[in-house]
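Topology and contacts: notes
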Amino acid sequence: MSMVLELTQELVRRPSVTPNDEGCQAFIAAYLEPFGFNVEWFNRGCVTNILLSHGDPMSGPTVLMLGHTDVVPVGDESAWSHPPFAAQIHDGLLYGRGTADMKGGVAAMVIALRRLVEEYPDHPGCLQLLLTSDEEGPATDGTCVVADVFKEQGRIPEFCLVGEPTSNKVLGDMVRVGRRGSINARLIIEGEQGHTAFGHLVENPAHKIAEFLSVVTRLRWDEGDEFFPATSLQVSALQAGGIATNVTPARAEARFNLRNGPVSPQADLRQRIESILTDLHITDYQLDWNVSAEPFYTPQGELTVAIEESVLSILGYSPEMNTGGGTSDGRFIAPLGTEVAELGLLNHSIHKVNEHAAVADLDLLMAVYFDILRRLLKP
Ligand SMILES: [Zn+2]
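These remarks concern the structure in this document. (Residues numbered from 1 in each chain as written. Predicted model: local features only at pLDDT ≥ 70, side-chain atom pairs only at ≥ 80, totals over all residues. Heavy atoms only, no water.)

1. Looking at the side chain of Thr-62
Our working rule: Helix and strand labels come from DSSP, where a helix needs a run of H or I of at least four residues and a strand needs a run of E of at least two; each type is numbered from the N terminus. Here, two residues are considered to be in contact whenever any of their heavy atoms come within 4.5 Å of each other.
Among the structural elements, Thr-62 can be located in strand 3 (residues 62-68). Beyond its immediate stretch of four places on either side in the chain, Thr-62 contacts Pro-57, Cys-126, Gln-128, Pro-157, Glu-158 and Phe-159.

2. Observations concerning the packing of aromatic side chains
How we decide: Two rings from Phe, Tyr or Trp (for Trp, the six-membered ring) form a pair when their centres are within 6.5 Å of each other. A pair whose planes differ by under 30 degrees is stacked, one over 60 is edge-to-face, and the rest are tilted. Exposed residues in this analysis have more than 50% of their type's maximum accessible area, buried residues have under 20%, and partly exposed residues fall in between, with area computed by a 1.4 Å probe over protein chains only.
The tally for this structure, following the rule as stated, stands at four aromatic pairs. Seen in terms of ring centroids, Tyr-31 and Phe-35 are 6.3 Å apart; in terms of plane orientation they differ by 40°. Their pairing is tilted. Classification of Phe-35 as partly exposed rests on a relative accessible area of 25%. Their ring planes at 25° and their centres at 4.2 Å tell us that Phe-227 and Tyr-297 sit as a pair that is stacked. Of this pair, Phe-227 sits in the loop between helix 5 (205-216) and strand 12 (232-240) while Tyr-297 sits in strand 16 (residues 296-297), and the two are 70 residues apart along the sequence. By way of ring pairs, the aromatic residues Phe-227, Phe-228 and Tyr-297 are connected into one cluster.

3. Remarks on the nonpolar core
Stated precisely, the cut-off is as follows: We call a set of buried residues a nonpolar core when its members are Ala, Val, Leu, Ile, Met, Phe, Trp, Tyr or Cys and they connect through side-chain atoms within 4.5 Å of each other.
Counting residues in hydrophobic clusters, the biggest one holds 56 residues, and the most contacted among them are Ile-28, Leu-129, Ile-307, Leu-343, Tyr-369 and Ile-372. Here this core takes eleven residues from helix 3 (residues 99-119), the largest share from any one element. Not counting residues up to four positions away in its chain, the partners in contact with Ile-372 are Leu-161, Leu-303, Ala-306, Ile-307, Ser-310 and Leu-343. Counting residues in hydrophobic clusters, the runner-up holds 21 residues, among them Trp-221, Phe-256, Leu-258 and Leu-277.

4. Points about the sheet that holds strand 4 (residues 89-90)
Basically, it comes down to this: Only strands joined by at least two bridges in the DSSP assignment are considered to pair. Working convention: axes come from line fits to C-alpha atoms, limited for helices to the stretch in contact. Angles between N-to-C directions cover 0 to 180 degrees.
Spatially, the three strands line up as an open sheet ordered 4-5-19, and their pairing is antiparallel. Where the open sheet ends on each side, the last strands, each with one partner, are strand 4 and strand 19 (356-358). Sheet topology note: the strand 5 (residues 93-95)/strand 19 ladder contains three bridges and is antiparallel. Residue pairing across strands places Tyr-95 opposite His-356, the latter belonging to strand 19. Packing against the sheet, helix 3 makes contact with strand 5 and strand 19, and its axis sits at approximately 50° to strand 19.

5. As for the coordination of the zinc ion
The criterion, for reference: Metal donors were taken as nitrogen, oxygen and sulfur atoms no farther than 2.8 Å from the ion, or 3.2 Å where the ion is Na, K or Ca. Water is excluded, so coordination may look unfinished.
At 1.8 to 2.1 Å from the zinc ion lie its protein donor atoms, namely His-68 (NE2), Asp-101 (OD) and Glu-164 (OE). For the zinc ion, the donor residues sit on a single chain with the sequence spacing H-x32-D-x62-E. In this pair, His-68 is assigned in strand 3 and Asp-101 in helix 3, connecting sequence segments 33 residues apart. You can call His-68 buried: its relative accessible area is 1%. For Asp-101, a relative accessible area of 5% corresponds to the buried category.

6. Some details on the pattern of salt bridges
What counts, and what does not: A side-chain nitrogen of Lys or Arg and a carboxyl oxygen of Asp or Glu constitute a salt bridge if their distance falls within 4 Å.
Under the criterion given, the structure shown has 19 salt bridges. As a salt-bridge pair, Glu-119 and Arg-115 come within 3.3 Å of each other at their nearest N and O atoms. Of this pair, Glu-119 and Arg-115 both sit in helix 3, four residues apart, which is roughly one turn of that helix. The class of Glu-119 is partly exposed, set by a relative accessible area of 43%.

Fair warning: the whole summary comes from geometry, so function is off the table for now.
Structure representation (structure tokens):
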């Protein structure tokens, strides 16, 4: 039986919903320690963070493999065709929460690392695996904690390979070389409760928020650039009134999320939203602005070249490089000056009911990871 499959199943059977790790990282540490990996823990609060290292950073490049052991909640458990933490296989697919995002990728990284140090025990450089249990959550006590330690101690990896599920139609067809930023905003417009029959006397905040939303949801914020799609805005919640059919609401609230590229920095977007409010004569409002991720882009270098060559030699085609999808913890490593790229399993079922990964892809991904490590370290 495939080692990658076995390890993936072991991890999926641990219901590690953020921030709980359910012993996933300790299991991986116990697995890699006999192969000479050094273990460092960086736990904070309920979040578990582990760094496993092998080799000497003075003798060559440091290659950091980055992943997470936490998963999103299962949602409606009765809607799953296979129990979400049973890791059952059906028709060549492994079912379970976290199979694709990203315990399958973590298992592939672990086995690739094991294989590399077994075949090349005296490899130059340093191999690292960093895992957190706070990627799917607020991400405030996870990878960023270790990134700060790297910065303070001057331990800057040359390369960071993130194992998030980036593949679109077939394994390895898509590699991320950056990510869009993500901003969560909450707008509250205050008005005055009144009688619907005397609308001319009241300032109805529901009407104002509707006007505002009709502008911002149709606006073209930018055209994107060579690497980033155009900035987008989506409303995630909308609330006003509901007391009685003849009462106008005293306040209206909308929550929205913006996904931006570097052409539209968050400060510019905020300013543009504030001037739209001014243009609409909306003055009595509160705007909460929460930047959950800044966009990042890492120029192509040795890592992206190694990924391209490995995918081509093992899978037989060239991957597309882009910056789509959600954010990832690569955003904490990129500012260190590290070349960051992401490659992992197919992402079409992630966060959904019946999340799954193709069993055959697990070993293929491991082989690609192994080949990338070999190209970077040149043992
Ligand atoms: Zn993930």
